[in-house]
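The residues making up each chain are set out below.
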Amino acid sequence: MKANWNRREFIKKSGAATLAALAAGAPVSSLLTGCGKGRKIAADTSADTVILLWLAGGMAHTETFDPKRYTPYENGLEGNRVLSTFESFPTALEGIRFSDGLQSVGSVMDKGTLIRSYVAADMGHILHSRHQYHWHTCYEPPQTVAAPHMGAWIAKELGPKNPVIPAFIDIGQRMTVGESEELKAFHTAGFLGNEFGPFLIPDPSQGLESVRPPVGMDAKRFEKRNQLYNDLISKSAIGDLGSDYQKESLKRSMEQAYMLLNSPEAKAFDLSLEPKEVYDVYNTGRFGLGCLLARRLTEQGARFISVTTEYEPFMGFDTHENGHTRMVGMKKMVDGPIAQLVKDLDKSGHLDRTLIIVASEFSRDMMVEGRPDAKVQEQVNQPDILNDMKFYGMHRHFTDGCSMLMFGGGIKKGFVYGKTADERPCKTIENPIKIDQVHQTIYHTLGIPPDTNYEVEKRPFYTTPDGDGKIVEDLLIKV
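In the structure shown here, the tally under the stated rule is ten aromatic pairs. With centroids separated by 5.4 Å and ring planes inclined at 55°, the aromatic side chains of Y73 and Y392 adopt a geometry described as tilted. Highlighted residues: Y73 in the loop between β2 (49–54) and β3 (77–78) and Y392 in the loop between β14 (385–386) and β15 (396–398), separated in sequence by 319 residues. For Y73, a relative accessible area of 24% translates into the label partly exposed. Pairing F168 with F304 gives two aromatic rings, centres 5.4 Å apart and planes at 85°, and the pair type is edge-to-face. With F168 in strand β7 (residues 168–171) and F304 in strand β9 (residues 304–308), the pair connects residues that are 136 residues apart, well separated along the chain.

Along the polypeptide, S210 turns up in the loop between β8 (199–201) and α6 (219–235). Separated by eleven residues in the primary sequence, S210 and F199 place their C-alpha atoms 9.0 Å from one another.

This part takes up the pattern of salt bridges. By the definition in use, this model includes 18 salt bridges. The shortest N-O distance in the salt bridge between D66 and R116 comes to 3.5 Å. Residue D66 is located in the loop between β2 and β3, and its partner R116 is located in strand β6 (residues 112–118); the two are separated by 50 residues in the primary sequence. R116 gets classed as buried once you look at its relative accessible area, which sits at 12%. Of the charged contacts in the structure, one is a salt bridge between R371 and D400, with a shortest N-O distance of 3.8 Å. Highlighted residues: R371 in strand β12 (residues 370–371) and D400 in the loop between β15 and β16 (402–407), separated in sequence by 29 residues. Given a relative accessible area of 10%, D400 falls into the buried group. One salt-bridge network, held together by shared partners, links E274, R295, R296, E299 and D344.

For the rest of this paragraph, the subject is unusual backbone geometry. A cis amide bond, omega 0°, links P141 with the succeeding residue P142. A cis amide bond, omega -5°, links R424 with the succeeding residue P425. Considering the arrangement of structural elements, one finds P425 in the loop between β18 (419–420) and β19 (428–430). Notably, C138 is not glycine yet its phi reads approximately 75°, a positive angle. Mapped onto the elements of the fold, C138 is located in the loop between α3 (128–137) and α4 (150–158). With a phi close to 65°, K458 is a non-glycine residue in the positive phi region. As for its position among the elements, K458 is in the loop between β20 (453–456) and β21 (459–462).

If you trace the backbone, I305 turns up in strand β9. For the pair I305 and L293, spaced twelve residues apart in the sequence, the C-alpha separation amounts to 9.6 Å. Setting aside residues no more than four positions away along its own chain, I305 makes contact with V50, I51, L52, I169, I171, A294, L297 and T298.

It is worth spelling out the packing of α3 against helix α12 (residues 435–446) at this point. Angle between the axes and distance between the axes are the two parameters that describe a pair of packed helices. One can describe the packing of α3 onto α12 by two numbers: an axis separation of 8 Å at closest approach and a directional angle of 35°. Across the interface between the two elements, H134, W135, H136 and T137 of α3 pack against I435, V438 and H439 of α12. Its residues placed into classes, the contact of α3 with α12 shows three nonpolar, four polar and no charged.

All right, on to the environment of D48 then. Looking at the secondary structure, you find D48 in the loop between β1 (33–34) and β2. Residues D48 and G301 lie 253 residues apart in sequence; the distance between their C-alpha atoms is 8.9 Å. Residues within four places of D48 in sequence aside, it is in contact with K161, R303, R353 and L446.

Our next topic: the nonpolar core. Core analysis: the largest hydrophobic core is formed by 54 residues, its most contacted members being Y118, W135, I357, M404, M406 and V438. Sequence-distant contacts of W135, that is, excluding residues within four places in its chain, are made with L52, W54, Y118, M150, I357, A359, S360, M404, I435, V438 and H439.

Right, let's get into α12. Spanning twelve residues, α12 covers 17 Å between terminal C-alpha atoms, matching the ideal 16 Å at 1.5 Å per step. Of all twelve residues in α12, nine are buried; the element is thus mostly enclosed. Those residues of α12 that fall on the buried side of the exposure criterion are I435, V438, H439, Q440, T441, I442, Y443, T445 and L446. Packing partners of the buried residues in α12 comprise β2, β6, α3, α4, β10 (354–359) and β16. Immediately downstream of α12, the backbone of G447 shows phi near 85°, a positive value.

Looking at where T71 falls in the secondary structure, it is placed in the loop between β2 and β3. A polar contact of 3.3 Å, which involves the side chain of T71, links it to the backbone oxygen of R81. Apart from residues no more than four positions distant in its own chain, T71 is found in contact with L77, R81, V82, L83, S84, T85 and Y392.

Moving on, we get to the sheet that holds β9. Pairing within the open sheet is mixed, and its eight strands lie in the order β8-β7-β9-β2-β10-β16-β6-β17. Single-partner strands in this sheet number two, and they are β8 and β17 (415–417). When the angles between neighbouring strand axes are averaged without regard to direction, this sheet yields 15°. Sheet topology note: the β6/β17 ladder contains three bridges and is parallel.

Looking now at the pairing of β6. Judged by how many residues are buried, β6 sits mostly within the fold: seven of seven residues are covered. Of the strand pairs in this sheet, β6 and β16 are connected by five bridges, and their pairing is antiparallel. Directly across from G112, in β16, lies its bridge partner F407.

Rules used throughout
- Residues numbered from 1 in each chain as written.
- Predicted model: local features only at pLDDT ≥ 70, side-chain atom pairs only at ≥ 80, totals over all residues.
- Heavy atoms only, no water.
- Phe/Tyr/Trp six-rings, centres within 6.5 Å; stacked < 30°, edge-to-face > 60°.
- Helix = DSSP H or I, 4+ residues; strand = E, 2+ residues; numbered from the N terminus.
- Buried < 20%, exposed > 50% of the residue type's maximum accessible area, 1.4 Å probe, protein only.
- Salt bridge = Lys/Arg side-chain N within 4 Å of Asp/Glu carboxyl O.
- Contact = heavy atoms within 4.5 Å.
- Axes fitted to C-alpha atoms, helices over the stretch in contact; angles between N-to-C directions.
- Nonpolar A, V, L, I, M, F, W, Y, C, P; charged D, E, K, R; others polar.
- Core = buried A, V, L, I, M, F, W, Y, C linked by side-chain atoms within 4.5 Å.
- Expected span 1.5 Å × (residues − 1).
- Polar contact = N/O pair within 3.5 Å; in protein donor to acceptor, adjacent residues only side chain to side chain.
- Pairing = 2+ DSSP bridges.

This is the structure we're talking about:
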């Protein structure tokens, strides 16, 4: 923080921030009207909490949950022969194999559903941030209004499960790397208002720092700052130009944060309280510790939690070179923590009411950019003949066959949905599923009706475009 700000500069900066919120973060009450206010959350819900485990950067389905014929590397290898660069192994599901390195996740697949037929949108030139925006909001960018993140919809419609724990928590994504502005565009509640936006924890190992005052600030001083904040709201651009909805939303955001600071539940953010043997299983990096924090927050009554491997261009699952080698490291990062989260929540009895989703924005292939019938501009120099190990792996973006996992929350156990071709192009050939179906199925488990919408700019804005998202009934346990 800049140490030598004067009072005038501080007020100027805070005024600019509130104007930005007025423009993009919170709705004007005259433009935002709940439609069907008499609607009720369904009584027969199957989930109370959602955990999204986001494998950011484009996880290759043929290298993870949908392996094809294995071809070992050798100099002079024809690239088109390579479908998978890892051998496969049997999982807990009879006849279903995963790629080597995911043995732990494979061992818990009798507790969940494997989807092998997610088809990402065709949006022309492929950009990670655009597809991530689409996945998280269900709306293709650009939009004339700020579309809410799925977590914000859930926070708005259901409210906090525990009034002290933030309803929407995002773990692991820094907003200072790569396409930072594009990432911020969907890490928001959009027109729903700031109070429904994400509580950001970039580093889960420092989660406790997120819920306590800075060093040197006692409770009395913090109370004075809280009062100053309320005074600034009333005297700022929001106070002059904002609606009552906006002003109240900003105040409630601060009140919720203040309530958390003074609550016993704040200990849920302290990973040092975990037994060492448990901590070590999860400690594969920030993603693994994020899964541990998600488990602790779920047990304390969180509503929606996103944990990400973090999107940073050319890092993580964004494997534009050395694809095979880098996938070895990524699997070590995610395999143990995902499986342990499932097992821990199952053991504690929380899994039945917690929906866990493992997903990525799209897949990868060595030879096809986009999809076979809708190829887009090549972004990777992939030689036809491989004479360097760095070209061995899945480097291009592939949108026609992606894998997802779902556990708990009314989802079938030991079930496989969809299929991709066994030969290139390894595209979806059975039961394609698109993002509006994914979203509507998630909302259904929580009891959020498909006609949920608000009037923005004199038109209804639904949880899925035009409210047309359909539930994938085959994924759900019939009751």
